[in-house]
Amino acid sequence: MSILSLSKKGIAIALSAQLVLATQAITMAQAEMLGTDQAINKYTALANRNALMDELQRAEIQAEIVALGIDPAEAEARLAALSDAEIATMLTQMENDSAGADVVGTLFTIFVILLVTDLLCLTRFFNFTRCIR
Amino acid sequence: MHPLTLVFRRLVCLLALCWLAACAQPFDPDAQLTIAAPTRAAVKGVPLIQQEAFYCGPTSIAMVMQWAGADITQEDVAALAFSPGAGGTYLADMIGSSRRLGQLAVEINDFDQLLAEVTAGHPVIVFQNLGLGVLPVWHYGVVTGYDFEKDEVYLNSGQLDQMVMAFAVFERTWRRGDYWGLVVLPPDQLPATTSETDVLSAAAALEQVEQYDAAVTLYETGAAMWPDNWLWQFGLGNARYALGDLRGARAALRRARALDPSIPEVRANLAFVESELAG
């Protein structure tokens with residue numbers, strides 16, 4: 001009986017705490033309308049990232065990646081390491097390349113550029129590079 | 001300003017143009033363009049306004065807005081854009097003042113976009129250096145047309161006469177301005193060459209300068225063009241809310257939720273509006 005009442009009390013406390021938290025969460029969310037600008041930035045960046053990830057899954061791109069001696073999973077990790085701005089720049093380049101074959105080229109430009117900047121000690125993108133000082 | 005100074009300015013400008021024309025190479029549309037632009041295009045009805053001293057920026061915006069039917073003078077724009085200490089108008093203030101006047105303003109930056117916009121019937125404000133790199137003479141003008149066959153670009157350039165430039169000369173003066181161009185349109189029209197995201201951001205910028213009526217119009221225009229993207233309805237809901245139109249806001253946010261039920265921002269704002277309507 002006492003165990004039962006204790007557990008009931010526990011449930012009551014847990015529930016009321018949850019209620020308070022939930023109410024607070026709603027109050028916080030409703031303090032003001034969420035701005036359009038932030039939503040545009042957030043979801044555009046997300047869409048860009050997904051579009052590039054989709055490109056990376058294409059068979060011809062996968063073949064290129066393997067030919068370069070990079071594990072496709074590692075290529076994904078490298079893409080994920082780019083900032084929103086860098087991804088937007090890559091996508092713009094790809095859109096400007098009229099021929100579809102150039103998509104492969106653009107995707108790899110970033111790897112080559114980062115390889116060179118790594119070697120010049122400007123970046124540290126690839127694990128295998130030793131920069132020249 | 002002393003009359004002689006004005007004459008001298010004109011002379012400098014003229015000399016610079018002569019020099020540019022003398023050493024300019026012919027413009028090659030094939031090398032500069034990746035689109036198939038028609039041989040010629042012209043935007044009708046852009047007024048020619050004689051600019052006050054240093055007011056080329058405000059005058060350019062006034063010409064484009066008058067073309068679109070607005071009742072506005074270069075002085076009206078100058079109050080929002082001109083920097084007297086600098087003796088000119090900054091690029092950012094060209095964009096900002098257009099938005100504070102309720103216009104859709106988006107940048108362009110290459111020949112493809114410039115010619116495609118003109119072909120679509122939109123005048124384009126361009127930033128030029130009519131002088132040299134070391135001796136810059138910064139200037140804003142409005143491109144209203146071009147003709148490949150005659151090798152001419154037509155500008156309303158702050159004088160009562162239309163300015164006609166050879167393509168090569170125009171290219172050089174525009175290149176020295178980093179190919180900066182600005183499309184300024186009323187919010188019920190869309191640019192021909194800019195991305196959906198650029199237009200969305202321009203609409204959100206209208207909200208930020210509290211031009212909510214213009215923002216509502218632009219969100220509606222964008223939603224008609226890109227009906228699958230919930231962000232237009234989200235922005236429309238937010239702008240209508242700012243105008244006090246709670247029912248309109250709720251309708252737009254519901255459409256946004258229908259387009260993508262997974263977005264927390266949409267659900268939060270919808271709940272917010274609904275609670276205000278209930279309370």
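Residues numbered from 1 in each chain as written. Chains lettered and ligands numbered in written order. Predicted model: local features only at pLDDT ≥ 70, side-chain atom pairs only at ≥ 80, totals over all residues.

**Topic: the overall build of chain B**
Applicable threshold: Going along the chain from the N terminus, every DSSP run of H or I of four or more residues is numbered as a helix, and every run of E of two or more is numbered as a strand. Exposed residues have 12 or fewer other C-beta atoms within 10 Å of their own C-beta, buried residues have 20 or more, and partly exposed residues fall in between, where C-beta atoms are placed from the backbone. Two residues qualify as a contact pair if the distance between their C-beta atoms, derived from the backbone, is within 7 Å.
Secondary structure summary: chain B contains twelve helices and nine strands in total. Within chain B, the fraction of its 279 residues that count as buried is 44%. Nonlocal contacts in chain B, meaning residues at least 24 apart in sequence, comprise 61% of its contacts between residues at least 6 apart.

**Some thoughts on the nonpolar core**
All names here are of chain B. Keep this limit in mind: Nonpolar cores are identified as sets of buried Ala, Val, Leu, Ile, Met, Phe, Trp, Tyr and Cys residues joined via C-beta atoms within 7 Å. Domain extents, as shown, originate in an automatic or database domain assignment.
Core analysis: the largest hydrophobic core is formed by 77 residues, its most contacted members being Ile61, Val124, Ile125, Val184, Ala203 and Tyr219. Taken together, domain 1 (26–185) and domain 2 (196–278) each give at least three residues to this core, which thus spans both. The residues touching alanine 203, leaving out its near neighbours within four places in the chain, are Ala215, Leu218, Tyr219, Gly222 and Gly235.

**Overview of the environment of Ala242(B)**
All names here are of chain B. Inspection of the secondary structure assignment puts alanine 242 in helix α10 (residues 230–242). Of the residues examined, alanine 242 has 16 C-beta atoms within 10 Å and is grouped as partly exposed. Sequence separation between alanine 242 and glycine 45 is 197 residues, and the spatial gap between their C-alpha atoms is 35 Å. Excluding its chain neighbours within four sequence positions, the residues that come into contact with alanine 242 are Glu207 and Tyr212.

**Overview of the confidence of the model for chain A**
Residues and elements named next belong to chain A. What counts here: pLDDT expresses, on a scale from 0 to 100, how confident the predictor is about each individual residue.
Put simply, chain A has an average pLDDT of 69, and 48% of its residues get 70 or more. Mean pLDDT across the elements of chain A bottoms out in helix α1 (residues 2–29) (53) and peaks in helix α2 (residues 36–56) (88). Residue range residues 23–28 is modelled with pLDDT below 50. Its contacts to residues more than four positions away, or to other chains, number zero contacts.

**Looking at the interface of chain A and chain B**
How big an interface is tends to be stated in terms of accessible area lost as the parts join. Keep this limit in mind: Three residue categories are used. Nonpolar comprises Ala, Val, Leu, Ile, Met, Phe, Trp, Tyr, Cys and Pro, charged comprises Asp, Glu, Lys and Arg, and polar comprises the others, including Gly.
Contacts between chain A and chain B engage eleven residues on the former and 18 residues on the latter. Element by element, the count of residues in the side of chain A that touches chain B is highest for α2(A), at six residues. Per-class residue counts for the side of chain A that touches chain B are six nonpolar, four polar and one charged.

**Describing the packing of α2(A) against α10(B)**
Note the threshold: Lines fitted to C-alpha atoms define the axes here, with helix axes fitted over just the stretch in contact, and angles between the N-to-C directions of these axes take values from 0 to 180 degrees. Each angle receives one of four descriptions, namely roughly parallel if under 35 degrees, roughly antiparallel if over 145, roughly perpendicular if within 65 to 115, and oblique otherwise. By definition, any crossing whose near helix is turned counterclockwise from its far helix by less than a right angle is left-handed, and any crossing with a clockwise turn is right-handed.
Packing of α2(A) against α10(B) leaves a shortest axis separation of 10 Å and a crossing angle of 165°. One element, α2(A), and the other, α10(B), form an angle in the roughly antiparallel class. α2(A) and α10(B) meet at a crossing whose hand is right-handed. Contacts between α2(A) and α10(B) involve Thr36(A), Ala39(A), Ile40(A) and Tyr43(A) from the former and Leu231(B), Phe234(B), Gly235(B) and Asn238(B) from the latter. Counted by class, the contact of α2(A) with α10(B) contains five nonpolar, three polar and no charged residues.

**Observations concerning the pairing of strand β5 (residues 124–129) of chain B**
All names here are of chain B. As a reminder, the rule being used: For two strands to pair, DSSP has to find at least two bridges joining them.
The buried count for β5 comes to five of six residues, which makes it a mostly enclosed element. By the bridge criterion, six bridges tie β5 to strand β6 (residues 138–147) in an arrangement that is antiparallel. Across the sheet, valine 124 pairs through a bridge with valine 143, a residue of β6. Here two bridges tie β5 to strand β9 (residues 181–185), and the two strands are oriented antiparallel to one another.

**Topic: the domain arrangement of chain B**
All names here are of chain B. Per the domain assignment, the segments of chain B are domain 1 (26–185) and domain 2 (196–278). For domain 1 versus domain 2, the separation of C-alpha centres amounts to 32 Å. The interface of domain 1 with domain 2 comprises six residues on the first partner and nine residues on the second. Looking at the side of domain 1 that touches domain 2, the elements with two or more residues in it are α5 (91–100) and β4 (104–108). The element contributing the most residues to the side of domain 1 that touches domain 2 is β4, with three residues.

**Some points on the confidence of the model for chain B**
When pLDDT is averaged along chain B, the result is 90; 91% of the residues meet or exceed 70. Across residues 11–24 of chain B, confidence stays below pLDDT 50; counting only partners more than four residues off in sequence or on other chains, it has 18 contacts.

**Some thoughts on the pairing of strand β7 (residues 152–156) of chain B**
Residues and elements named next belong to chain B. Taking burial as the measure, the five residues of β7 include four buried ones, the bulk of the element. Here β6 runs beside β7; their pairing, made up of five bridges, is antiparallel. In the strand pairing of β7, glycine 145 is matched with tyrosine 154. Joining the antiparallel neighbours β6 and β7 is a turn of four residues, in which aspartate 151 adopts a positive phi near 55°. Bridge count between β7 and strand β8 (residues 163–165): three bridges; the pairing is antiparallel. Across the sheet, the residue bridging to valine 153 is methionine 165, located in β8. From the end of β7 to the start of β8, which pair antiparallel, there are six residues, and glycine 158 there has a positive phi angle of about 90°.

**Re helix α12 (residues 264–278) of chain B**
Rules: One less than the number of residues in a helix, times 1.5 Å, gives the span that helix is expected to have. In this description, one arc is meant: the one made by directions from the helix axis to the C-beta atoms.
Given a rise of 1.5 Å per residue, 15 residues ought to cover 21 Å, and the 21 Å separating the end C-alpha atoms of α12(B) matches this to within 8%. When we look at burial in α12(B), the residues that qualify are Glu265(B), Val266(B), Asn269(B), Leu270(B), Phe272(B) and Val273(B). Buried residues in α12(B), looked at end-on, bunch into an arc of 155°, giving them a common side. Of the exposed residues in α12(B), those oriented more than 90 degrees away from the buried face are Pro264(B), Ser275(B) and Ala278(B). Close packing links the buried residues of α12(B) with α2 of chain A together with α10 and α11 (246–259) of chain B.

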